[in-house]
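Residues per chain, in single letters:
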Amino acid sequence: MPRLTLRVKLLASFVLILIPVLALLIYGFLDANERRVEALLDDQMQTAQAIAALVDASFDEAFALAWALTDDPLVHTFDPSQVDPHLQRLAPYYPQYEAISIINAEGDNVGSSLPFEEPQRLRIATDRPYFQQAMATGEPVISEVVISRRTLRPTIIVAVPIRDDDGRTRGIVLISLFLAALSSRLDGVALRPEQTIFLVDTTGTVAFHTSLPEIPWEERNLGNFEPIRAALEGRPSEVRRFVSPLLGDTRIGAFAPTPKYGWVVGATVPEDVALAPVRTALRDQLLGFSVVAILTVAVALVTSRRLLQPILRLTEQARALGKGDLTRRVDIKTHDEMEELGKTFNQMAERLERTLSDLRETLHLREEFLSAAAHELKTPLTSLRGYAQLLLRSKAARPAKEQQALEVIERQTRRIARLVEDLLETVSPTARPLQLRRIDLASLAEEEIREAAPAEERHSLILCRTGAVFAEADPNLIRRVLLTLLDNAMRFSPQGGRIEVTVTTEDGEALISVRDHGLGIPKERQRYVFEPFYEPFPAGTPGYHGATGLGLFVTKTIIERHGGHIWFESEEGKGSTFYFSLPLQNRSAIT
């Protein structure tokens, strides 16, 4: 996981606070948008239904006039010289109608509110479906949208049969509606900005369209438009979003059939206009949110800077403290918990400084004591060991027990002497400078093996070498290292066996190893092998007679002073191999 700084975490916290606010804004916009669409759909449907009722009323008015004319005695004369003037006198009272005509049973125009030349009157309606239907059924008929033969403009025809006293159909009253006049009646209906109203006949042909006063005839058919088809089948529909077949833009609209005549009224409004208030509100809210977000981030940056400055100072002083500079203190004046932390840090530094001073004094006293004790022990030990060796070398015959006792005395005094040397090296390992000389490590190892071999009859000490290996080292200290490793190898091989010492070079360094086939070191204790006073085996382990606990610690110190490394490999029950390396005198140090 990547490391995050405190500043990043603070900024992330502020951002996480802003995310729910942004989510609420988006949710509010979606909710407002949904409610706006629902309200618009309801409004469009109400408008469409109101206009549908108005269209039915307009058709009813035309039918009422036509029925009234069917009872007019002048109309029953079917005499153009009487009917024409009569209809022309009526026309100014009905400006919403393009023409009022009387057609006899043969299809001839016998009266019109518009002037006719005589040849034009003959057989002008026989091919018209509304005329044929009215004559055949004797019932009133309203046509679909048709092209007027007089004006060549789209119009709607209302046809009502004229019956004689016997109920036979003698002719038809035709009233042509001005589509512009029908559209103008919508002026009394409160429409929304850019709202569009259109009327479609029962075949799907557009009668009028408020946004398109002039529509080519071939573009008027909307019979394939699904909302129109549904309304023609008597199912009002609300469409949340559609592309207008005539205008080509995206709209919201409602489509309702007229209650009586089954025509369809559509009321639509552009989506961008209808939802503009909601989107404007969202834009304003997002603008406000952006301002708040910027201010929040600015506050977060300022806050994080104020918080981080004392923390960075504390970190710097803590690092200095960790490097041993106990005189460093911090001065934090924030009047909050951070200031308390600074005071606590200063108190801790003061306590550490006092503790370290006391510890140094204690260590100094300990070193003086150990050094004095070790020096005091060296003189009597040297005398004891000298006398023991003198007695062992004498020719006088002694009982076996005395001889054995002398050997034990000599061996134990040698062991105590080594312990004294270890104590001196432990107290002050760098007090005595290294006496560096060019030495042959192979020859040095051979000498140590030769000296140790007579005293250890159970072990077979073997030296493996490829030639002389020269290094710059203190011979006395390196002897102590070899002696310690050999002594440990023999001690941890109580049953005897081979002990192999190898001297070679590897990667530009001299490499010496001492391998035994004895007890090995338990895995759980291996990490502590080079620590002072650590026993590799618990007391009482079969075959193990105990150790001083300082040998390997001193050995590690010596090797590191020479710029080398020491390590080991061990498996319990199979033995151990200790390695140490030293820098070669030069690249051609092996011969």
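Please refer to the structure placed before this passage.
Summary of the structure given here. Each chain carries its own residue numbering, running from 1 in the written order of its sequence. Confidence filtering applies because this is a predicted model: local features only for residues at pLDDT of at least 70, side-chain atom pairs given and counted only at 80 or more, and all residues used for totals across whole chains, interfaces and linings. For the side-chain quantities, the full set of heavy atoms in the structure was used; hydrogens and water were omitted.

**What to know about the sheet that holds strand E17 (residues 565–571)**
- One bridge is not enough; two strands pair if DSSP finds at least two bridges between them. Under the DSSP-based scheme used, a helix requires at least four consecutive residues in state H or I and a strand at least two consecutive residues in state E, with every element numbered from the N terminus. The strand order E13-E15-E16-E18-E17 describes an open sheet built from five strands, whose pairing is mixed. Lying at the two open borders of the sheet, with one neighbouring strand each, are strand E13 (459–465) and E17. Each strand axis lies, on average, 15° off the axis of its neighbour in the sheet, ignoring direction.
- Examined bridge by bridge, E13 and strand E15 (residues 497–506) share seven bridges and lie parallel to one another. The residue of E15 that forms the bridge with Arg 465 is Val 503.
- On top of the sheet, helix H11 (residues 441–452) reaches E13, E15, strand E16 (509–515) and strand E18 (575–583); it is set at about 170° to E13, its chief contact. Convention adopted: a line fitted to C-alpha atoms gives each axis, helices being fitted over their contacting stretch, and angles between N-to-C directions are expressed from 0 to 180 degrees. By the convention used here, residues are in contact when the closest approach between their heavy atoms is within 4.5 Å.

**Describing the packing of H11 against helix H12 (residues 475–491)**
- Interhelical geometry of H11 versus H12 gives an angle of 50° and a closest axis separation of 10 Å. Taken together, the axes of H11 and H12 lie oblique to each other. H11 and H12 meet at a crossing whose hand is right-handed. The residues of H12 that touch H11, namely those facing Leu 441, Leu 444, Ala 445, Glu 447, Glu 448, Ile 449 and Ala 452, are Pro 475, Ile 478, Arg 479, Leu 482, Leu 483, Leu 486 and Met 490.
- Charged means Asp, Glu, Lys or Arg here, nonpolar means Ala, Val, Leu, Ile, Met, Phe, Trp, Tyr, Cys or Pro, and polar covers whatever is left, Gly included. For the contact of H11 with H12, a count of residues per class yields eleven nonpolar, no polar and three charged. Angle categories are assigned with fixed cut-offs, so that under 35 degrees is roughly parallel, over 145 is roughly antiparallel, 65 to 115 is roughly perpendicular, and the rest are oblique. For any pair of crossing helices, the crossing counts as left-handed if the nearer helix is rotated counterclockwise from the farther one by less than a right angle, and right-handed if it is rotated clockwise.

**Looking at the pairing of strand E11 (residues 264–270)**
- In terms of residue burial, E11 counts as a mostly covered element, since seven of its seven residues are buried.
- Pairing geometry for strand E7 (residues 196–200) and E11, over five bridges, is antiparallel. Paired with Thr 196 across the bridge in E11 is Thr 268.
- Where strand E10 (residues 250–257) lies against E11, seven bridges are found, and the strand directions are antiparallel. The rule is simple: take the accessible area with a 1.4 Å probe, protein chains only, and divide by the maximum for that residue type; under 20% is buried, over 50% is exposed, in between is partly exposed.

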